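# Topology and contacts: notes
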Amino acid sequence: MNITSAVIKLIKFNSPSSIRQKQHSVWMVLFFTISIFLFSHNIVANPVKWHPGHYCTILGHGKNDLKYMAQVYEELKTTPALRGIQIRYFWAELETAKGVYDFTSIDQRLAELAAIGKRLVIQVQTKSFVPKVELVPAYLKASEYDGGAFAYSSYGSTALRGYNIALWNSQVHDRLVELFKAMGERYNSHPYFEGIGMIETAYGEPIVSQPAHQMSKFYDNLLSVHQKMRSFFPSTMTIQEVNYPASIIESFVGKLKEMGTALSGPDVFKDEPGLNRNMRNVPRGIYHFYPELSGIIPLAPQVMHKNYMNTRNDGAGSVPTVSEIFAFARDNLKSNYIFWTRNPKYYSKVLELLNEPDIAKDPFGGLSSVCPRVYASCVD
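Every value quoted in this text rests on a predicted model; they were computed, and no experiment measured them. (Residues numbered from 1 in each chain as written. Predicted model: local features only at pLDDT ≥ 70, side-chain atom pairs only at ≥ 80, totals over all residues. Heavy atoms only, no water.)

Extensive coverage of strand β2 (residues 53–57) is indicated by the burial of five of its five residues. Across five bridges, β2 lies against strand β14 (residues 337–341) in parallel orientation. Of the residues in β14, the one forming a bridge with Cys56 is Trp340. Here β2 pairs with strand β3 (residues 82–90) via four bridges, running parallel. Bridge pairing links His54 to Leu82 in β3. What joins β2 to β3 is helix α4 (residues 66–78), and the crossover it makes is right-handed. (Buried < 20%, exposed > 50% of the residue type's maximum accessible area, 1.4 Å probe, protein only. Helix = DSSP H or I, 4+ residues; strand = E, 2+ residues; numbered from the N terminus. Pairing = 2+ DSSP bridges. Right-handed = clockwise from strand over helix to strand, strands pointing away.)

The subject of this paragraph is the pattern of salt bridges. Within the structure shown, the criterion is met by 12 salt bridges. Note that Arg342 and Glu75 form a salt bridge whose closest N and O atoms lie 2.7 Å from each other. Of the two residues, Arg342 is situated in the loop between β14 and α14 (347–354) and Glu75 in helix α4; the sequence distance between them amounts to 267 residues. There is no split in this pair, since Arg342 and Glu75 are both buried. One salt bridge in this structure joins Glu112 and Arg109, with 2.9 Å as the shortest N-O distance. Separated by three residues within a single helix, Glu112 and Arg109 lie in helix α6 (residues 104–115), roughly one turn from each other. Residue Arg109 is classed as buried on the basis of its relative accessible area of 3%. (Salt bridge = Lys/Arg side-chain N within 4 Å of Asp/Glu carboxyl O.)

Pasting the structure below:
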């Protein structure tokens, strides 16, 4: 029972007929009381779609390939523990010109998934890991948007790794907000549109030096975008991948908690030093925040390509089994959702795991299904 229903039931149970003659006053008091409760407890007032469990993250090239998607749908049908898929789109794929949006691919995949009772999660990618990708719409490359994106390298390197958006720029912020507004109007009420998120917080090492305040403004604006997203998607889970920089994590995650945004991460590396860091006078790694937020906000880590290969990003760990990855995400990270990348070399092992009897018979695939406290209620 949600909070509103409980209060209404209590009033009806205890109210004499004289109170019923003053319905307007009672409802005004009720509305005020609930509003104060929700505000003071940082609760998302709308019922939120809630279908925790296992999801497949499809490879980028396959999302518009009919043969590839037919195989994905067949796997979904034969694996009850798979509740749906996650698809990633670069910003440039969704906004083809200023204010001109192309959601054709999302509409098609959503209709196909709804037909088989499976769900869709979208990630809008605002960071690329290969230089040749068109990350942002062409109009954002103008000077008024600071070029729309900046080139970055890996830490300790000078080689071009990819691009990240110039989110410190207020106009870039505003255009990203407009994209999510358009998506919210289109998809928030769709029963099979399960969630929408953004890519990792890791900034990258700018190849061209930047003023010190620019990074700080980037993260302030990222939180602002998420605050807007929650208003555009009041009935839908919104998600942010968080990994680095360690210096911002505690404050940043605290803000996500306040607004009711799900915590995700781009990797499940059980032995990764930076993600597991827990030393005195040093910012903690992101993995230590998951158990503290269990039952409060949704927890939804991603299993990426490298996670199948080693327990550390630098390869100095061990080769994990899929069962070990699952156990770490379930037991250490207290996951409600797990997004498994459909890597052709390893994904058959994921399907084997999800079809094991104990997992297959559980609608939530062995993961916690408790409705997060930040939501007033969850709807199936």
